[in-house]
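Structure assessment
Letter by letter, the chains look like this.
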Amino acid sequence: MFLSSWLLMFLIGTPLIGWLRQKRWKKDVVSDAEAWQVREDTPETHLKKQGTPSMGGIGIISVACGVLFSTIVAWSIALSAALAFSRWMILWQDNALLLLLPITVAAHAFLGFGDDWSKASGRGGLRARAKLFGQITLEIAFLWGLWFLNQQLTKQGADLRFIFSFPQSWLSAVCFWALLLVVLVGTCNAVNLTDGIDGLAAGLAVQFGISIFLLILGETMLFGYAANIFWAALAGSCLGFLSYNKYPAKVFMGDTGSLALGAAVGAGAIMCHAVFLLPFIAFIYFVEAGSVTLQVLYFKYTKKKYGEGRRIFRRAPLHHHFELGGWSEWRVVGTFWAINLVTSLIGLILWNKGILPRFP
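Attention here is on the structure that accompanies the text. (Residues numbered from 1 in each chain as written. Predicted model: local features only at pLDDT ≥ 70, side-chain atom pairs only at ≥ 80, totals over all residues. Heavy atoms only, no water.)

**Concerning the overall build of the protein chain**
Each helix and strand in the protein chain was counted, giving 13 helices and 0 strands. Walking the protein chain from its N terminus toward its C terminus, one meets helices and strands in the order α-α-α-α-α-α-α-α-α-α-α-α-α. Residues counted as buried form 49% of the 360 residues belonging to the protein chain. As presented, the protein chain carries roughly 17200 Å² of accessible surface, and 67% of it is formed by carbon and sulfur atoms. (Helix = DSSP H or I, 4+ residues; strand = E, 2+ residues; numbered from the N terminus. Buried < 20%, exposed > 50% of the residue type's maximum accessible area, 1.4 Å probe, protein only. Areas by Shrake-Rupley, 256 points an atom, 1.4 Å probe, with all protein chains shown as cover.)

**Quick look at the environment of A338**
Inspection of the secondary structure assignment puts A338 in helix α13 (residues 329–352). Distance in space between the C-alpha atoms of A338 and L204 is 9.8 Å, their sequence separation being 134 residues.

**A short note on the environment of V38**
In this fold, V38 is placed in the loop between α2 (32–35) and α3 (57–83). Between the alpha carbons of V38 and G51 there is a distance of 7.9 Å; along the sequence they are 13 residues apart. In this view, V38 contacts H46, L47, K49 and Q50; residues no more than four positions away in its chain are not counted. (Contact = heavy atoms within 4.5 Å.)

**Description of the layout of surface pockets**
Space inside the second largest pocket adds up to approximately 240 Å³. Around the second largest pocket, the lining residues are D115, K119, G124, L126, R127, A128, R129, K131, L132, Q135, N189 and N192. The biggest single contributor to the lining of the second largest pocket is helix α5 (residues 128–155), with 5 residues. Tallied by class, residues from the lining of the second largest pocket come to 3 nonpolar, 4 polar and 5 charged. (1 Å grid on protein atoms, 1.4 Å probe; cavity = no way out; pocket = protein on both sides within 12 Å on 5 of 7 lines; lining within 4 Å. Points joined across faces, edges and corners; volume = space filled by probe spheres on them. Nonpolar A, V, L, I, M, F, W, Y, C, P; charged D, E, K, R; others polar.)

**Side note on unusual backbone geometry**
Working note: non-glycine residues mostly have negative phi, and peptide bonds are mostly trans. Backbone torsion omega between A316 and P317 reads 0 degrees, so that peptide bond is classified as cis. Checked against the element boundaries, P317 lands in the loop between α11 (283–306) and α12 (318–324). Of the consecutive residues F359 and P360, the connecting peptide bond is found in the cis state with omega at 5 degrees. Structurally, P360 is set in the segment after α13. In the Ramachandran plot, M55 falls in the positive-phi region, its phi being about 70 degrees despite a non-glycine side chain. Among the structural elements, M55 can be located in the loop between α2 and α3. What makes M55 buried here is its relative accessible area of 0%. Despite not being glycine, H273 has its phi angle at roughly 60 degrees, a positive value. In this structure, H273 sits in the loop between α9 (254–271) and α10 (278–281).

**Here's the deal with helix α6 (residues 170–194)**
Between the first and last C-alpha of α6 there are 36 Å, a value that for 25 residues agrees with the 36 Å anticipated at 1.5 Å per step. Within the sequence span of α6, burial applies to A173, F176, L180, V183, L184, V185, T187, C188, A190, V191, N192 and T194. (Expected span 1.5 Å × (residues − 1).)

**What to know about the packing of aromatic side chains**
Here the structure, examined in full by the defined rule, presents 14 aromatic pairs. Taking the centre distance of 4.9 Å and the plane angle of 45 degrees together, the rings of F166 and W177 count as tilted. A residue pair is termed long-range when its members are at least 10 positions apart, and F166 in the loop between α5 and α6 and W177 in helix α6 qualify at 11 residues. Judged by its relative accessible area of 11%, F166 falls in the buried class. Residue W177 is classed as partly exposed on the basis of its relative accessible area of 23%. Where W330 meets W337, the ring centres are 5.7 Å apart and the plane angle is 85 degrees; that geometry is what we call edge-to-face. Residue class for W330 comes out exposed when judged on its relative accessible area of 51%. Aromatic rings pair up to connect F164, F166, F176, W177, F223, F276 and F359 into one cluster. When the ring centre of W327 is taken as origin, the NZ or CZ atom of R331, which lies over that ring, is 3.9 Å away. We note R358 situated over the ring of W351; from NZ or CZ to the ring centre the distance is 3.8 Å. (Phe/Tyr/Trp six-rings, centres within 6.5 Å; stacked < 30°, edge-to-face > 60°. Lys NZ or Arg CZ within 6 Å of the ring centre and 35° of its normal.)

**So, the side chain of D195**
For D195, the position within the fold is in the loop between α6 and α7 (200–216). Residue contacts for D195: discarding those within four places in its chain leaves R39, A201, M253, G254 and S258.

**Examining the pattern of salt bridges**
Per the counting criterion, the structure on display carries 6 salt bridges. Between E329 and K49 there is a salt bridge, with the nearest N and O atoms lying 2.6 Å from each other. One end of the pair, E329, is in helix α13; the other, K49, is in the loop between α2 and α3, and 280 residues separate them in sequence. Residue class for E329 comes out buried when judged on its relative accessible area of 8%. Three or more residues joined by partner-sharing salt bridges are found here, namely D115, K119, K131 and D255. (Salt bridge = Lys/Arg side-chain N within 4 Å of Asp/Glu carboxyl O.)

This is the structure in structure tokens:
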């Protein structure tokens, strides 16, 4: 699935970029520079990227979901014939389990596309509150799906090693589900914030997918296998996308890709019982989000105390801080990839030694 997604994304990349360049959602727009504009909060050096099409996440998510769906259809047909439909309930549950993550990711891609389309058509994008409400709604739907499928497997007498043990008391349950929701919202926005420099977010997603594959080896986690299968396709798709997104980028993933990848990171970690591993294998995502949080909080604090806002970083997210310090984009991306690779290796070692607890 990894190789299939990589090759397919590589092949459709050029036609996709051509199609995006032809789109003119704004009225009276005659050039790429007018149709596709860079974010207002980026360094001035990014102005040369004006005209680079966004929404490349359409390709990433479509390829990954397409490869997975094709595999499921072929597998279902073969298995149905072999079982003569005598065990259709098991087949339905297996497919539902495999589809839970890609459906969640695709739904976030639609939300991101709405934001990208609104910006490209001159409407300014979705409001922050509307965007957050949409994310929370989709993530609650994912958690409900996780609970529902877990309940079905429990009724069928599945081995406890394969499923989740959800808390029974109402207080513990509220804290448990609230924590998972925070993880999902946090990762979704962390990846979105990281996607501000050529190749960074997509390259980290490839690392994350490989890490998910490695941590599943030797584990007996049914939900984890489901997440692993989709992440194999998603990592391959991101690697193919990097051929066009590396510096100088020919296309950006936009919120269509970043919100979807963010949801995949958080939901994938939850399905693999790897929430405590998440800060290691998604280290840079969290650092980028943390830099924005620190910058905003410090600015508000100093403005209230001194009458003027002060900053910790030259600009947030953190990759812009180093850019304004004179680093090239490739140096920033390469350094961040290397750091995340080291933290991922550390996390996987701790995971294999049983030091990091499995949660949830």
